[in-house]
Amino acid sequence: TIGVSGLMGYKPIPRREAIVNAQFAMADAIKYPEFEGNVAVVDTRAFLRDPLPSSPGDQEHHWNNNCETYWLIGKAMAAAILGLSSSGQVHTG
């Protein structure tokens, strides 16, 4: 499971947009047929919470130290993994 680089939410940053697009592309079965059914991509940008006072910190590169953000990312990534495993296509090594 790939968590899309969402540290600064949807703020347009050209270099990061190229990274985000490359991360999303990994789940594209046409571009990467070898990963079909084995890779899930989770968009984490919507999980960014505002800095102080909504979060304990104001460091976007640490998700503003917001526990809800970390929980939402973990929950979304776990759901993506479960989605892959329910398809019977997860390879464990």
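Presented here is a report on the structure given in the accompanying data block. These figures come from a predicted structure and were not determined experimentally.

A separate point is the nonpolar core. Among the nonpolar cores identified, the biggest contains five residues, and these are Phe 47, Leu 48, Trp 63, Leu 72 and Ile 73. Sequence-distant contacts of Phe 47, that is, excluding residues within four places in its chain, are made with Trp 63, Thr 69, Leu 72, Ile 73 and Ala 76.

Turning to its location among the elements, Tyr 70 is positioned in helix 2 (residues 67–86). Separated by 46 residues in sequence, Tyr 70 and Phe 24 place their C-alpha atoms 20 Å apart. At a separation of 2.8 Å, a polar atom in the side chain of Tyr 70 contacts the main-chain carbonyl oxygen of His 62.

Evaluated as defined, the whole model comprises one aromatic pair. Geometrically, the ring pair formed by Tyr 32 and Phe 35 is tilted, given 6.0 Å between the ring centres and 35 degrees between the ring planes.

Excluding glycine, most residues fall at negative phi; most peptide bonds, likewise, are trans. In this model, Leu 52 is joined to Pro 53 through a cis peptide bond whose omega is 0 degrees. Among the secondary structure elements, Pro 53 is positioned in the loop between strand 2 (41–42) and helix 2. Although it is not a glycine, Trp 63 adopts a positive phi angle of roughly 55 degrees. Locating Trp 63 in the fold gives a position in the loop between strand 2 and helix 2. A relative accessible area of 9% means that Trp 63 is categorised as buried. Here Asn 65, not a glycine, exhibits a phi torsion of approximately 55 degrees, which is positive. Position of Asn 65 relative to the elements: it lies in the loop between strand 2 and helix 2. Overall, the relative accessible area of 30% leaves Asn 65 in the partly exposed class.

Reading the values: the criteria
- Residues numbered from 1 in each chain as written.
- Predicted model: local features only at pLDDT ≥ 70, side-chain atom pairs only at ≥ 80, totals over all residues.
- Heavy atoms only, no water.
- Core = buried A, V, L, I, M, F, W, Y, C linked by side-chain atoms within 4.5 Å.
- Buried < 20%, exposed > 50% of the residue type's maximum accessible area, 1.4 Å probe, protein only.
- Contact = heavy atoms within 4.5 Å.
- Helix = DSSP H or I, 4+ residues; strand = E, 2+ residues; numbered from the N terminus.
- Polar contact = N/O pair within 3.5 Å; in protein donor to acceptor, adjacent residues only side chain to side chain.
- Phe/Tyr/Trp six-rings, centres within 6.5 Å; stacked < 30°, edge-to-face > 60°.

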